[in-house]
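Listed below are the residues making up each chain.
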Amino acid sequence: MTNTPVEESLLQIIRSYHQYAAQGGDVETLTLEQLKALLTDSVPRFMESLGRKEPYFITELFRAADKDKDNQISFDEFLYILGKLLRDYHLQYHRGLCARYCTQHGLY
């Protein structure tokens with residue numbers, strides 16, 4: 001049976017996490033530099049919006065996600081970051097819907 005598009009998306013997130021984690025140190029966790037590379041390479045629009053390319057943003061995101069304060073991001077901690085990504089993309093989706101509606105109805 002073939003995976004659905006959502007299943008493929010989930011598997012790709014897992015693959016990406018492990019691809020960056022395997023670049024050194026513990027292959028099951030991400031360092032700050034690995035997280036920065038993963039986000040910059042994988043979600044550039046998220047990173048470019050609202051000044052997220054600034055070094056302090058990634059550092060603060062890392063600190064907030066690192067619940068056990070071991071200076072590494074486990075996959076469970078990575079889920080916190082994914083939640084932030086999904087929320088941001090969801091807001092962008094709704095902004096796009098609103099913009100199209102306003103354009104279609106001459107509200108701009």
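Model, not experiment: these values are computed from the prediction. (Residues numbered from 1 in each chain as written. Predicted model: local features only at pLDDT ≥ 70, side-chain atom pairs only at ≥ 80, totals over all residues. Heavy atoms only, no water.)

K.L.:
Lay out the overall build of the chain with the relevant residues and their values.
P.N.:
Scanning the chain from N- to C-terminus turns up 5 helices and 0 strands. Along the chain, helices and strands appear, N-terminal first, in the series α-α-α-α-α. Taken over C-alpha atoms, the radius of gyration comes to 17 Å for the chain, far larger than the 13 Å a tight globule of 108 residues would show. Per-residue burial over the chain gives 25% buried out of 108 residues. Of the roughly 7500 Å² of accessible surface on the chain, a fraction of 59% belongs to carbon and sulfur atoms. Averaging the locations of the 12 positively and 15 negatively charged side chains of the chain gives two centres separated by 10 Å. (Helix = DSSP H or I, 4+ residues; strand = E, 2+ residues; numbered from the N terminus. Rg over C-alpha atoms; globule rule 2.2 N^0.38 Å. Buried < 20%, exposed > 50% of the residue type's maximum accessible area, 1.4 Å probe, protein only. Areas by Shrake-Rupley, 256 points an atom, 1.4 Å probe, with all protein chains shown as cover. Lys, Arg positive; Asp, Glu negative; His and termini not counted. Charge placed at Lys NZ, Arg CZ, Asp CG, Glu CD.)

K.L.:
Which residues make up the layout of surface pockets, and what values do they have?
P.N.:
Its boundaries defined by the atoms lining it, the largest pocket holds a volume of some 370 Å³. Lining the largest pocket are 17 residues, with Ile13, Val43, Phe78, Leu82 and Leu85 positioned closest to its centre. Those elements giving two or more residues to the lining of the largest pocket turn out to be helix H1 (5-21), helix H2 (32-42) and helix H5 (75-104). Considering each element in turn, the lining of the largest pocket owes the most residues, 7 residues, to H5. A per-class count over the lining of the largest pocket returns 14 nonpolar, 3 polar and no charged. (1 Å grid on protein atoms, 1.4 Å probe; cavity = no way out; pocket = protein on both sides within 12 Å on 5 of 7 lines; lining within 4 Å. Points joined across faces, edges and corners; volume = space filled by probe spheres on them. Nonpolar A, V, L, I, M, F, W, Y, C, P; charged D, E, K, R; others polar.)

K.L.:
Quick one: what's the story with H2, residue by residue and with numbers?
P.N.:
Taken together, the buried positions of H2 are Gln34, Leu35, Leu38 and Leu39. Viewed end-on, H2 has its buried residues packed into an arc of 130°, placing them on one side of the element. Residues of H2 that are exposed and angled more than 90 degrees away from the buried face: Glu33 and Asp41. (Arc of directions from axis to C-beta.)

K.L.:
I'd like a description of a negative patch on the surface, backed by residues and values.
P.N.:
A contiguous patch of negative charge, built from Asp26, Glu28, Asp68 and Asp70, is present on the exposed surface. By the secondary structure assignment, Glu28 is in the loop between H1 and H2. (Patch = residues over 30% accessible without salt bridge, like charges linked within 9 Å, V, L, I, M, F, W, Y side chains within 5 Å. Salt bridge = Lys/Arg side-chain N within 4 Å of Asp/Glu carboxyl O.)

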